[in-house]
Amino acid sequence: MKVVKRLKKDKLLHTYYADGLRGFRLTNAAKKLLLDSWPESFGPYLTGRTETNMLKSEQLRRLRLHRMAEVLAAMHSAGVGVFPWQKHAVFGPIPPNDIRIEWPMYYSSREVKEIGPQRDKIRGSRATGVLLTENDVFAVYNAGGSEIKWAREAELRLRAFLQYDLCLQRLSEQYGSAGQSAIIFGNDMKLMPMLMGVDSDQRHKYLVVEEDYNCFYYLTNDHYGEIILRLFCEPDKKAMLDNVLMEGLSEAQQYGHVEHDAMDRECPVLFGYTCDMPRIRRFNIGLRANRLRGILYCFKFQEEVLRQICGPNVEIQCMDFGAVEGLL
């Protein structure tokens, strides 16, 4: 708030109200300052009829911008490259030559659509962008606090587009055999059961987590979500955490086709702290089908919702979030 007040006092930012919503806009003086100081960085956003340079007052467009900004902030806080000068030009009209993603980079949906005429194939997708790490490709969504509805055909086209154009064409040497995953952010944990079809199966209104992505993670729009996001970006730290959790447990085994990471005597154990919805669903189904009891590891803030999702045969054990944050 101090920063915002200072910018308003210096006449670089002003408040805008429309439809009962408040927002902030750059003043002309602020645009001129950015363009004079960093023309290459801000010119594409603040000149001509670019999307970011056009006035917007419609509520849906403003909410869309807000959700995109939330994801950008989360990625930036997690140490992901979000600014154009931090990233390779992966999605330009001309395919890149001899580049490799060696650190996490996030490309907003606008940057992805700079690819050229192919952008028409993914028109209508609810994705806010694409996260690229050294080994993985993630489509990223942000539901905010609402029940996001999907144009499922558009999301399938996005998945096919990323698989063919990115993984098999532009960066085939790095991602040729990589599987695609997805991340969806929400304001809190309450939306996760609905996405998984708990109580009333309405997944046809949303993205079907089992069919479209093998891994589909649910993260919250807060510090908790940022820390878990860092685990995706730093797989060595995630492996270290999993090794700590393995202490006192035995290795996973073929156990009645139940999805699990380890065994606690006769109980399959799932490390569910990343809220990988398809894995949790398969874990539940496998336990019920084989009439087994299981153990799921998660953080305290996830416990209530995961108890709602999991059946009575699943024991929830909570991890120390502060210890995991210290690990990072």
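Residues numbered from 1 in each chain as written. Predicted model: local features only at pLDDT ≥ 70, side-chain atom pairs only at ≥ 80, totals over all residues. Heavy atoms only, no water.

Chemist: Pulling in residues and values, what's your account of the pairing of strand E4 (residues 129–132)?
Modeler: Along any regular strand, the residues point their side chains to alternate faces of the sheet. Where burial is concerned, the two faces of E4 agree: the one with Gly129 and Leu131 and the one with Val130 and Leu132 are both buried. Two elements, strand E3 (residues 105–108) and E4, share four bridges in a ladder whose sense is antiparallel. Bridge assignment links Met105 to a residue of E4, and that residue is Leu132. Of the pairings in the sheet, the one linking E4 to strand E5 (residues 137–144) comprises four bridges and is antiparallel in character. (Buried < 20%, exposed > 50% of the residue type's maximum accessible area, 1.4 Å probe, protein only. Helix = DSSP H or I, 4+ residues; strand = E, 2+ residues; numbered from the N terminus. Pairing = 2+ DSSP bridges.)

Chemist: Quick rundown of helix H6 (residues 152–170)? Include the residues and the values.
Modeler: When the terminal C-alpha atoms of H6 are compared, their 25 Å separation across 19 residues agrees well with the 27 Å that a helix rising 1.5 Å per residue should span. Taken together, the buried positions of H6 are Ala154, Glu155, Leu158, Phe161, Leu162, Asp165, Leu166, Cys167 and Arg170. Of the surrounding secondary structure, the elements contacted by the buried residues of H6 are helix H5 (109–112), E4, E5, helix H7 (172–175) and strand E6 (180–186). (Expected span 1.5 Å × (residues − 1). Contact = heavy atoms within 4.5 Å.)

Chemist: Before we move on, could you go through the sheet that holds strand E9 (residues 262–264) and cite the residues and values that matter?
Modeler: Spatially, the five strands line up as an open sheet ordered E8-E9-E10-E11-E12, and their pairing is mixed. Edge positions in the sheet fall to strand E8 (250–251) and strand E12 (314–319), since each of these pairs with one other strand and no more. Where E9 meets strand E10 (residues 267–271), three bridges bridge the pair, whose relative direction is antiparallel. Counted as the bridge partner of Asp264 is Cys267 from E10. Lying over the sheet, helix H13 (residues 300–309) contacts strand E11 (294–299) and E12, oriented at roughly 135 degrees with respect to E11. (Axes fitted to C-alpha atoms, helices over the stretch in contact; angles between N-to-C directions.)

Chemist: Tell me about the sheet that holds strand E7 (residues 215–220), and name the residues and values.
Modeler: Taken together, five strands build an open sheet; the order of strands is E3-E4-E5-E6-E7 and the sheet is mixed. A single partner strand is all that each edge strand has here, and the edge strands are E3 and E7. On average, each strand axis in the sheet is tilted by 25 degrees relative to the strand beside it, whichever way the strands run. In the packing of H6 onto the sheet, contacts are made with E4, E5 and E6, and the angle to E5 comes to roughly 150 degrees.

Chemist: Got a sec to walk through unusual backbone geometry? Specific residues and values, please.
Modeler: The general pattern is negative phi for most residues beyond glycine and trans for most peptide bonds. In this structure, Arg265 takes a positive phi of about 60 degrees despite not being glycine. Take Arg265: it is sitting in the loop between E9 and E10. Non-glycine residue Cys275 carries a positive phi angle of around 55 degrees. Within the secondary structure layout, Cys275 lies in the loop between E10 and helix H12 (277–290). On the accessibility criterion, Cys275 (0% relative accessible area) is buried.

Chemist: Requested: an account of the packing of aromatic side chains, with residues and values cited.
Modeler: Inspection of every chain in the model, using the stated rule, returns 16 aromatic pairs. Between Trp38 and Phe42 the ring centres are 6.2 Å apart and the planes differ by 65 degrees, which places this aromatic pair in the edge-to-face class. Measuring from centroid to centroid gives 4.4 Å for Tyr217 and Phe232, while their planes differ by 45 degrees, and the two rings are tilted. Of the two residues, Tyr217 sits in strand E7 while Phe232 sits in helix H10 (residues 223–233), which places them 15 residues apart along the sequence. (Phe/Tyr/Trp six-rings, centres within 6.5 Å; stacked < 30°, edge-to-face > 60°.)

Chemist: Could you give me a rundown of the nonpolar core, with the residues and numbers involved?
Modeler: Core analysis: the largest hydrophobic core is formed by 52 residues, its most contacted members being Leu132, Tyr141, Ile184, Met192, Tyr218, Ile280 and Leu296. Leave out the neighbours within four places in its chain, and Leu132 touches Val90, Ile101, Trp103, Pro104, Met105, Tyr107, Val137, Leu166, Leu171 and Tyr175. Counting residues in each nonpolar core, the second largest holds 36 residues, with Ala78, Val80, Phe185 and Met319 among its members. (Core = buried A, V, L, I, M, F, W, Y, C linked by side-chain atoms within 4.5 Å.)

Chemist: How would you sum up the pairing of strand E1 (residues 13–18)? Please name residues and give values.
Modeler: Both E1 and strand E2 (residues 21–26) contribute to a ladder of six bridges, which runs antiparallel. Pairing of Tyr16 across the sheet is with Gly23, part of E2.

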